[in-house]
Amino acid sequence: QVQLVESGGGLVQPGGSLRLSCAASGRIFSINAMGWYRQAPGKERELVASITSGGSTNYVDSMKGRFTISRDNAKNTVYLQMNSLKPEDTAVYYCNADISTYLLRRSSDYWGQGTQVTVSS
């Protein structure tokens, strides 16, 4: 089974920064697109940013210029650098990846357990 484990969340003051990490493990043949989503209490889960295996990125407009997604293919890891954080960024952030395994030989969508980000003074 493939596992995605997020880390790097925590409490930060408005205007501060955090870097989230998500490491994938298991019998992975390849990792295609990866992305970050977030979900605030009472809100639907929303896309934050995504990145293809080739490094092409996509951002939600409200986060452009503040958030940066990147990946290290050698480590099967995706990152989300978050700067100029605002209280409205408070949410559980989830890692997502489209992964092909040796066993199934097909791509499937996997999710991490989530990491809490709280922006408050």
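See above for the structure.
These remarks concern the structure in this document.

### Here's the deal with the pairing of strand 11 (residues 115–119)
Logical step 1: Alternating positions in strand 11 separate cleanly, Thr-115, Val-117 and Val-119 being buried on one face and Gln-116 and Thr-118 remaining unburied on the opposite face.
Logical step 2: Judged from the three bridges that link them, strand 2 (residues 10–12) and strand 11 form a sheet pairing that is parallel. Bridging across to strand 11, Leu-11 finds its partner in Thr-118.

### Things to note about the state of the cysteines
Logical step 1: In this structure the tally under the stated criterion is one disulfide.
Logical step 2: Between the sulfur atoms of Cys-22 and its disulfide mate Cys-95 the distance is 2.1 Å. Taking the torsion about the sulfur-sulfur bond, which here is approximately -85 degrees, the covalent link between Cys-22 and Cys-95 counts as left-handed. Taken as a pair, Cys-22 in strand 3 (residues 18–25) and Cys-95 in strand 9 (residues 91–101) lie far apart in primary sequence, 73 residues in all. Cys-95 shares its class with Cys-22; the two are buried.

### As for the environment of Gln-3
Logical step 1: Inspection of the secondary structure puts Gln-3 in strand 1 (residues 3–7).
Logical step 2: With 88 residues separating them in the primary sequence, Gln-3 and Ala-91 have C-alpha atoms 21 Å apart.
Logical step 3: Setting aside its immediate chain neighbours within four residues, Gln-3 contacts Ala-23, Ala-24 and Ser-25.

### Topic: the sheet that holds strand 7 (residues 67–72)
Logical step 1: An order of 1-3-8-7 is seen for the four strands of this open sheet, with the pairing classed as antiparallel. Either end of the sheet is taken by a strand with one partner, and the two such strands are strand 1 and strand 7. Strand-to-strand twist in this sheet, taken as the mean axis angle between neighbours without regard to direction, amounts to 15 degrees.
Logical step 2: Alignment of strand 7 against strand 8 (residues 77–82), held across six bridges, turns out to be antiparallel. Looking across to strand 8, one finds that Thr-68 is bridged to Gln-81.

Conventions adopted
- Residues numbered from 1 in each chain as written.
- Predicted model: local features only at pLDDT ≥ 70, side-chain atom pairs only at ≥ 80, totals over all residues.
- Heavy atoms only, no water.
- Buried < 20%, exposed > 50% of the residue type's maximum accessible area, 1.4 Å probe, protein only.
- Helix = DSSP H or I, 4+ residues; strand = E, 2+ residues; numbered from the N terminus.
- Pairing = 2+ DSSP bridges.
- Disulfide = S-S within 2.5 Å.
- Contact = heavy atoms within 4.5 Å.
- Axes fitted to C-alpha atoms, helices over the stretch in contact; angles between N-to-C directions.

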